[in-house]
Amino acid sequence: MADHFTDATSPVPPAELSDETRTLLTELADTLDRVHPSAAMNEAIRLARPLVLAERLHGATVAAYVAEQDLLAAMPLVRDGQTRGEYAALLRLIAEGVTQ
């Protein structure tokens, strides 16, 4: 759902995440923790990785597009100074339904 004032997408409440989205959040967190976890996280990574993971799971299909959009909706914006490892920890909390 978009915020009409900023055009920002509102995050999906954790209780409404599908099992597939939870799995993809965890896979993304694993990747961020494995590859340069102390490096800065950035918005380009946040926008690009969901498509890679979704197409790895579904191929270049409509299902991949839906999975990518669901994953992006579940992912918060990157905060200034946030590392890849810190963002990964946040994704795990979201996947576990602890926070959004």
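Read on for an overview of the structure. Chains are numbered independently. Their residues run from 1 in the order of the written sequence. Owing to the predicted nature of the model, reporting of local features is limited to residues with pLDDT of at least 70; listing and counting of side-chain atom pairs is limited to 80 or more, with chain, interface and lining totals taken over all residues. With hydrogens and water set aside, each side-chain value is computed from the structure's full complement of heavy atoms.

Quick look at the overall build of the protein now. The secondary structure listing takes helices from DSSP runs of H or I that are at least 4 residues long and strands from runs of E that are at least 2 residues long, numbered from the N terminus. In terms of helices and strands, the protein carries four helices and zero strands. Burial classification: accessible surface area is computed with a 1.4 Å probe over protein chains only, and a residue below 20% of its type maximum counts as buried, one above 50% as exposed, and the rest as partly exposed. A buried classification covers 36% of the 100 residues belonging to the protein. Once local pairs closer than 6 in sequence are excluded, the contacts in the protein between residues at least 24 apart make up 67%. Note on areas: Shrake-Rupley, 1.4 Å probe, and residue coverage restricted to the protein chains presented here. In the structure as shown, the protein presents an accessible area of about 5,900 Å², 57% of it carried by carbon and sulfur atoms. Contacts were defined at the residue level, with two residues in contact if any of their heavy atoms lie within 4.5 Å.

As for its position among the elements, Leu28 is in helix α1 (residues 19-34). Its relative accessible area of 1% is what places Leu28 among the buried residues. In the structure, Leu28 is positioned 63 residues away from Leu91 in sequence and 7.9 Å away in space, judged by C-alpha atoms. When sequence neighbours within four positions are dropped, the list of residues in contact with Leu28 reads Arg49, Leu53, Met75 and Leu91.

Spanning 16 residues, α1 covers 23 Å between terminal C-alpha atoms, matching the ideal 22 Å at 1.5 Å per step. Considered for burial, the residues of α1 that qualify are Thr21, Leu24, Leu25, Leu28, Ala29, Thr31 and Leu32. Viewed along the axis of α1, the buried residues span an arc of 160°, placing them on a single side of the element. Seen from the buried face of α1, the exposed residues on the opposite side, beyond 90 degrees, are Asp19 and Arg34. Contacts from the buried residues of α1 go to α2 (43-58), α3 (62-74) and α4 (84-95). Phi turns positive one or two residues past the end of α1, at His36, with a value near 55°. Expected span of a helix: the number of residues minus one, times 1.5 Å. Note that the arc is defined by the directions from the helix axis to the C-beta atoms.

Taking 1.5 Å per residue, 13 residues should reach 18 Å; α3 reaches 19 Å between its end C-alpha atoms and fits that length. On its buried face, α3 sits against α1, α2 and α4. The residue sitting at the N-terminus of α3 and contributing the capping side-chain oxygen is Thr61; that oxygen lies 3.3 Å from the backbone nitrogen of Ala63. Polar contact is the term for a pair of N or O atoms within 3.5 Å; when the atoms are in protein, one must be able to donate a hydrogen and the other to accept it, and sequence-neighboring residues count only if both atoms are side-chain atoms.

Moving on, we get to the environment of Arg46. In this structure, Arg46 sits in helix α2. Spatially, the C-alpha atoms of Arg46 and Arg84 are 10.0 Å apart, while their sequence positions differ by 38 residues. A distance of 3.4 Å separates a polar atom in the side chain of Arg46 from the backbone oxygen of Met75.

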